[in-house]
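# Coordinate inspection notes
Residues per chain are reported as follows:
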Amino acid sequence: TAYAGKKVQLRYRFDSFDGAVNGGKGWFIDALTIAAAPVATFADGIACSDKTKWTLANAQTTALWAIDASNAAPGFSSADCSLNFNNGTDFACTSGKVSGTATSSAFTVTAPPAGKKAYLTYKLYFDVESGTSWDILKTEISDHGYGTAAYIVFQAPKASLGTWISVNIDVTSLAAKSI
């Protein structure tokens, strides 16, 4: 493919956009896997014992990305922790815009068998404002450290507030590419 031999990274970007008061528990990501069926290329159950796969960058201290066993419901879906964006308890912040990124280490997407597709899958829980113009979580996939636009940008749907959902993003176009 056009991406053969390149390393790419996965990044979750959160931005509240509105700068208003926030409520709810925040965003939680868990049980992350990129697989070219049947072989997993990258997998992270988000365990507290191994936080080396992620670089966390936060623009403020009121709500931020963390890998922990947050006391806030829902906690975590699979391992003993989750990758989450909140203040350790909830997402309530009294004022100001909040934003941050959680970026994975680079890895290569395994090419799927003929006729199959490769998917990034993860569990997602969110309890934030339901409007579509703010409190937005995006999954970005890049092979250049985000120096320019990401190859794939997926905006998390807000159809299921307050419950764990499964997200599947087709990454077949990135086969043999390090992301």
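Residues numbered from 1 in each chain as written. Predicted model: local features only at pLDDT ≥ 70, side-chain atom pairs only at ≥ 80, totals over all residues. Heavy atoms only, no water.

## Remarks on the side chain of T101
Inspection of the secondary structure puts T101 in strand β7 (residues 99-104). Not counting residues up to four positions away in its chain, the partners in contact with T101 are R11, Y12, R13, T55, L56, A57 and W65. (Helix = DSSP H or I, 4+ residues; strand = E, 2+ residues; numbered from the N terminus. Contact = heavy atoms within 4.5 Å.)

## Structural notes on unusual backbone geometry
The backbone of D135 shows a phi angle near 50°, a positive value even though the residue is not glycine. Within the secondary structure, D135 sits in the loop between β8 (118-127) and β9 (136-142). The exposure class of D135 is buried, given its relative accessible area of 0%. (Buried < 20%, exposed > 50% of the residue type's maximum accessible area, 1.4 Å probe, protein only.)

## Thoughts on the pattern of salt bridges
Opposite charge on two side chains permits them to pair, given that their charged atoms come into close proximity. The final tally for this structure, using the stated rule, is 1 salt bridge. Note that K117 and D170 form a salt bridge whose closest N and O atoms lie 3.2 Å from each other. Of this pair, K117 sits in the loop between β7 and β8 while D170 is found in strand β11 (residues 165-170), placing the two residues 53 residues apart along the sequence. Look at D170 and you get partly exposed, because its relative accessible area is 32%. (Salt bridge = Lys/Arg side-chain N within 4 Å of Asp/Glu carboxyl O.)

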